[in-house]
Amino acid sequence: MPLSFRSQSHGNIAFGFFNIESDMLLLEHYFFFADDFCEWINQMAKEDDFETKKFEVPVYYIADSNDIGDLMGAIHGIRFTGFIGKIYTLFPFPDDPEAFKQNPDGFKTRDLVRSYIESFSTIKNIAIEINKDGQARIGSYVFDKIVFHELIEYVWKGGYPCWKDEIRPEYVMGMKECIQKSHNTFFKGMFSY
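This text gives an overview of the structure that appears in the document.

### Here's the deal with the environment of Phe5
Right, so step 1: On the secondary structure map, Phe5 appears in strand β1 (residues 3-7).
Right, so step 2: Accessibility expressed as a relative area gives 8% for Phe5, which makes it buried.
Right, so step 3: C-alpha of Phe5 to C-alpha of Gln43: the two residues are 38 residues apart in sequence and 23 Å apart in space.
Right, so step 4: Other than its neighbours up to four places away in sequence, Phe5 contacts Gly11, Asn12, Ile13, Phe15, Val147, Glu150, Leu151 and Tyr154.

### Some thoughts on the sheet that holds strand β2 (residues 11-17)
Right, so step 1: If you walk across this open sheet you meet the eight strands as β1-β2-β3-β4-β5-β6-β7-β8, and the pairing is antiparallel. What marks the edges here is a single partner per strand, and that holds for β1 and β8 (141-144). Each strand of the sheet is rotated relative to its neighbour by a mean of 30°, with strand direction disregarded.
Right, so step 2: Note: strand β4 (residues 30-33) against strand β5 (residues 53-61), two bridges, orientation antiparallel. Directly across from Phe31, in β5, lies its bridge partner Tyr60.
Right, so step 3: Packing of helix α5 (residues 110-117) onto the sheet brings it into contact with β3 (24-27), β4 and β5, and relative to β4 it is tilted by some 160°.
Right, so step 4: Helix α6 (residues 145-157) rests against β1, β2, β3, β7 (135-138) and β8 of the sheet, and its axis sits at about 100° to β8.

### As for the pairing of β1
Right, so step 1: One ladder, built from five bridges, connects β1 with β2; its direction is antiparallel. When the bridges of β2 are listed, Ser4 appears paired with Ala14.
Right, so step 2: Linking two consecutive strands that pair antiparallel, namely β1 and β2, is a turn of three residues.

### Some thoughts on the pattern of salt bridges
Right, so step 1: Counted under the stated rule, the structure contains six salt bridges.
Right, so step 2: When salt bridges that share partners are traced, they join Asp23, Asp35 and Arg110 into one network.

### Comments concerning the packing of α6 against helix α7 (residues 170-181)
Right, so step 1: Running from amino to carboxyl end, α6 crosses α7 at an angle of 140°, the nearest separation of the two axes being 9 Å. With respect to their mutual orientation, α6 and α7 come out oblique. α7 is crossed by α6, and the crossing has left-handed handedness. Of the residues in α7, those in contact with Ile152, Val155 and Trp156 of α6 are Val172, Met173, Met175, Lys176 and Ile179.
Right, so step 2: Of the residues in the contact of α6 with α7, the class split is seven nonpolar, no polar and one charged.

Reading the values: the criteria
Residues numbered from 1 in each chain as written. Predicted model: local features only at pLDDT ≥ 70, side-chain atom pairs only at ≥ 80, totals over all residues. Heavy atoms only, no water. Helix = DSSP H or I, 4+ residues; strand = E, 2+ residues; numbered from the N terminus. Buried < 20%, exposed > 50% of the residue type's maximum accessible area, 1.4 Å probe, protein only. Contact = heavy atoms within 4.5 Å. Pairing = 2+ DSSP bridges. Axes fitted to C-alpha atoms, helices over the stretch in contact; angles between N-to-C directions. Salt bridge = Lys/Arg side-chain N within 4 Å of Asp/Glu carboxyl O. Parallel < 35°, antiparallel > 145°, perpendicular 65-115°, else oblique. Left-handed = near helix turned anticlockwise from the far one by under 90°. Nonpolar A, V, L, I, M, F, W, Y, C, P; charged D, E, K, R; others polar.

Pasting the structure below:
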């Protein structure tokens, strides 16, 4: 389930997984798969920290909130609107609360999820960057270093409700390893346990 994170540019914003059978993430109006997010982090972690690092990435963009859908209505099985509603018709919220865990095999539903989001979204190229002043940006959303680390940790944990059986996809394990090896001070202290 997406959680609220404090951005420096837009106040509190939603970020996270929105269905346990998909590894797609949302960031307000941007949608992208978790392995893409992890690869963005890997690219940043491999850079030195002497200057701003910026690169362009494509995301799915849904401008109209009605086309995004009603997450809480879909979770409760009472309102299946927009893209999120379509996904919940395919993968309903589990009846058993114990089954509410993020599926580490969610990547296996990508083709199906992609076929649905393409009818609701446009592809938009956005900038991803970290700055030596300690800020990070994903498109129009700016975060301080602490909150950006929280976004990374959210994906590492499998969001809320966490990864099923505490099993993480390989791309998530690879992101942690890349951060641990990083010499970029932006990532200093992350995963030091």
